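Letter by letter, the chains look like this.
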Amino acid sequence: MIQNIKGTRDILPDEVVQWQRIEAIIRRVTRTFDYKEIRTPVIEYTELFQKSAGEGSDVVSKEMYSFNDRSQEQICLRPELTAPVARVVAQNTLLRANPTLRLWYSGPCFRYERPQLGRQRQFHQVGAECIGSTHPESDAEIITLGYNLITQCGIQDFELHINSLGSVDSRKNYRDALVSYLKQFEPQLSEDSQRRLGTNPLRILDSKDEADKAIVASAPKLVDCLDESSMQHFRDVQALLQAAGIPFVINPVLVRGLDYYTHTVFEFKTNSLGAQDAIGGGGRYDNLFETIKAQPASGVGFGIGLERLILLASKQNENAVEDLDCFLVADAKYLATALEYAQLIRNNGFSCRTDLQRRSFKAQMKEADKFGARKVLILAESEIADKSFTVKDMKTGTQESIIYSPEALLRSLSH
Ligand code: HAM
């Protein structure tokens, strides 16, 4: 039999309930910050990511689903959404009408990675971008939004790590200082880090290799290379997070994997996802628009892996059941009446399930219980004879016989 592609997952109906619960929380929380949803295509020109995330990043150099289409255009399945959102903003000159854009998104992304728990080749990201402000209050707003999203999903077991890469210049100074330090130890570095020394040396700072860690321990520190205004920006972000009551730790080796970051970078980290410790992450990107040849603009944002969010949230809500308003238990002789009632119920916004297997009365009652029905409507011979219906409240177990009228039936479901 043909199976699904490695690293992809089917989301089965039982899991969809969890997804919808989380998606509803996302919509609610983003609304509380007045962020507007944006949707962009799944395919983009490969160049968009080469220019923004950088050729040296793992995402671009190893993980992109990039190919030539039938007209020999080099396109790819998007590995992330920040660069596409920046493209949309620039292409539609959205900043002209509104100097600060607050946007959120949710959708599939693709990275050719080795699949494991919480890591897939097709995964979903929910994210937000605040574009148009260089000020630390926009960093603080974005971090607070990400923090609220995670906590509102019922997740407590995580830590917010923050760091600053400083301005483009301080980041470059630091890169030079780091490379000249690491060069002395090149032969001792892991193979991956040796490769990164030429392409993406900052990533060596968060290497998991023990030998690398020992060398990195004495490397020059990012904070020592920050210029005064970068330091001030970082201090302001911290003060604002404190004012918002958001707990954080400063992680001096947090650098993130994409090239476009400047100043603040952050990650929401957890110990509950095995090898994958990031629920989400993001940062400021004051240079990204220029790298994609757009009118310069500043932004700050985050992306959170929905699969990771749902894995963690499900741990807290293992018994969440589907929310069914009514199960209509009817004898097969009265299918027409059952369908008429079901139509009335559904057209008035209640969910209603009927039996399609012509099962016994007892088996139908069992089904109603299994699907977590709030109320059961019963239509048997006696109900049909005296034009009534019986309603059972599944929580209290009380049962009542009521003379049928459309209003009476709907009223019986609404409390
Ligand atoms: P990122 O750190 O590459 O950042 O990805 C953000 C989140 O997406 C990760 O923390 C993780 O939860 C999830 N994720 C990444 N790869 C996978 C995968 N293979 N399987 C499952 N989940 C995954 C970005 O993508 C930036 N665009 C975030 C950002 C927005 N920065 C500024 N604005």
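Relevant structure appears above.
Residues numbered from 1 in each chain as written. Predicted model: local features only at pLDDT ≥ 70, side-chain atom pairs only at ≥ 80, totals over all residues. Heavy atoms only, no water.

Caption draft 1: Representation of the pattern of salt bridges. Applying the stated rule across the entire model yields 22 salt bridges. When the shortest N-O distance is used, the salt bridge between Glu47 and Lys51 registers 2.7 Å. Of the two residues, Glu47 and Lys51 are both situated in helix α2 (residues 46-52); the distance of 4 residues between them amounts to about one turn of the helix. The class for Glu47 is partly exposed, based on a relative accessible area of 44%. A residue is classified by how much of its surface remains accessible, and Lys51, at 34% relative accessible area, is partly exposed. For the salt bridge of Arg284 with Asp286, the shortest nitrogen-to-oxygen distance reads 2.8 Å. (Salt bridge = Lys/Arg side-chain N within 4 Å of Asp/Glu carboxyl O. Helix = DSSP H or I, 4+ residues; strand = E, 2+ residues; numbered from the N terminus. Buried < 20%, exposed > 50% of the residue type's maximum accessible area, 1.4 Å probe, protein only.)

Caption draft 2: Spotlight on the site of the ligand. Around the ligand, 27 residues are found, and the nearest of them are Glu80, Thr82, Glu113, Gln120 and Tyr261. Measuring from an oxygen atom of the ligand, one finds a side-chain N or O atom of Arg111 at 2.9 Å. The side chain of Glu113 places a nitrogen or oxygen atom 2.6 Å from a nitrogen atom of the ligand. In isolation the ligand offers 660 Å² of accessible surface; the protein chains occlude 95% of this area. Breaking the shell around the ligand down by element, the ones donating at least two residues are β6 (122-131), β10 (278-284) and β11 (299-305). Ranked by the residues each element gives to the shell around the ligand, the list is headed by β10, at 6 residues. (Near = heavy atom within 4 Å. Polar contact = N/O pair within 3.5 Å; in protein donor to acceptor, adjacent residues only side chain to side chain. Areas by Shrake-Rupley, 256 points an atom, 1.4 Å probe, with all protein chains shown as cover.)

Caption draft 3: Expanded view of the packing of aromatic side chains. Using the criterion set out here, one finds 9 aromatic pairs in the structure. Look at Tyr260 and Tyr285: their rings are 5.9 Å apart centre to centre, the planes differ by 75 degrees, and that puts the pair in the edge-to-face class. On the criterion of sequence distance, the pair formed by Tyr260 in the loop between β8 (249-250) and β9 (262-269) and Tyr285 in the loop between β10 and α11 (288-291) is long-range, its members being 25 residues apart. The exposure class of Tyr260 is buried, given its relative accessible area of 4%. Among the aromatic residues, those joined into a ring-pair cluster are Tyr147, Phe158, Phe266 and Phe268. Here Arg121 stacks its cationic end above the ring of Tyr112, 3.9 Å away from the centre of that ring. (Phe/Tyr/Trp six-rings, centres within 6.5 Å; stacked < 30°, edge-to-face > 60°. Lys NZ or Arg CZ within 6 Å of the ring centre and 35° of its normal.)

Caption draft 4: Just the side chain of Glu44, in detail. With respect to the element layout, Glu44 can be found in strand β2 (residues 43-45). Here the side chain of Glu44 touches Arg87 through a polar contact of 2.7 Å, side chain to side chain. Setting aside residues no more than four positions away along its own chain, Glu44 makes contact with Phe49, Ile75, Cys76, Pro84 and Arg87. (Contact = heavy atoms within 4.5 Å.)

Caption draft 5: Quick peek at the sheet that holds strand β13 (residues 352-354). With mixed pairing, the 5 strands of this open sheet are ordered in space as β13-β12-β14-β15-β16. Strand pairing shows two members of the sheet lacking a second neighbour, β13 and β16 (399-403), which therefore form its edges. Across the sheet, the mean angle from the axis of one strand to that of its neighbour is 25 degrees, orientation sign disregarded. With 6 bridges joining them, strand β12 (residues 324-330) and strand β14 (residues 373-379) adopt parallel strand pairing. Paired with Leu324 across the bridge in β14 is Ala373. Its contacts with the sheet put helix α14 (residues 361-370) on β12, β14 and β15 (388-393), and the angle it makes with β12 is roughly 175 degrees. Running at roughly 150 degrees to β14, helix α16 (residues 406-414) makes contact with β12, β14, β15 and β16 of the sheet. (Pairing = 2+ DSSP bridges. Axes fitted to C-alpha atoms, helices over the stretch in contact; angles between N-to-C directions.)

Caption draft 6: The arrangement of the sheet that holds β2 in detail. Read across the sheet, 3 strands follow the order β2-β4-β3 without closing on themselves; strand pairing throughout is antiparallel. Two strands bound the open sheet, and with one partner strand each, they are β2 and β3 (65-68). The average undirected angle you get between the axes of adjacent strands in this sheet is 35 degrees. Relative to strand β4 (residues 74-77), β2 runs antiparallel, the two being bridged by 3 bridges. Bridge pairing in β4 places Glu44 opposite Cys76.

Caption draft 7: The arrangement of the environment of Tyr341 in detail. Mapped onto the elements, Tyr341 comes out in helix α13 (residues 335-347). Separated by 36 residues in the primary sequence, Tyr341 and Leu377 place their C-alpha atoms 9.6 Å from one another. Once you skip the residues sitting within four places of it in the chain, Tyr341 turns out to touch Leu328, Leu379, Tyr404 and Leu409.

Caption draft 8: Up close: the state of the cysteines. Inspection of the entire model under this criterion finds 0 disulfides. No disulfide involves Cys326; its sulfur sits 4.2 Å from that of Cys352, the nearest cysteine. Residue class for Cys326 comes out buried when judged on its relative accessible area of 0%. Under the relative-accessibility criterion, Cys352 is labelled buried at 10%. (Disulfide = S-S within 2.5 Å.)

Caption draft 9: Quick peek at the nonpolar core. Residues Leu182 and Phe289 are the most contacted members of the largest nonpolar core, which totals 46 residues. Of all elements in the fold, only α2, α3 (58-62), α4 (82-91), β5 (101-110), β6, α7 (168-183), α9 (210-217) and α11 reach the threshold of two or more residues within this core. For this core, the element with the highest residue contribution is α4, accounting for 5 residues. If we ignore the near neighbours within four places in the chain, the residues touching Leu182 are Leu189, Leu197, Ile204 and Ile215. Ranked by size, the runner-up nonpolar core spans 40 residues in total, among them Ile26, Tyr147, Ile150 and Cys153. (Core = buried A, V, L, I, M, F, W, Y, C linked by side-chain atoms within 4.5 Å.)

Caption draft 10: The environment of Ser229, seen in detail. Summarising the element assignment, Ser229 is placed in helix α10 (residues 228-243). Placed 19 residues apart in sequence, Ser229 and Phe248 show a C-alpha to C-alpha distance of 21 Å.

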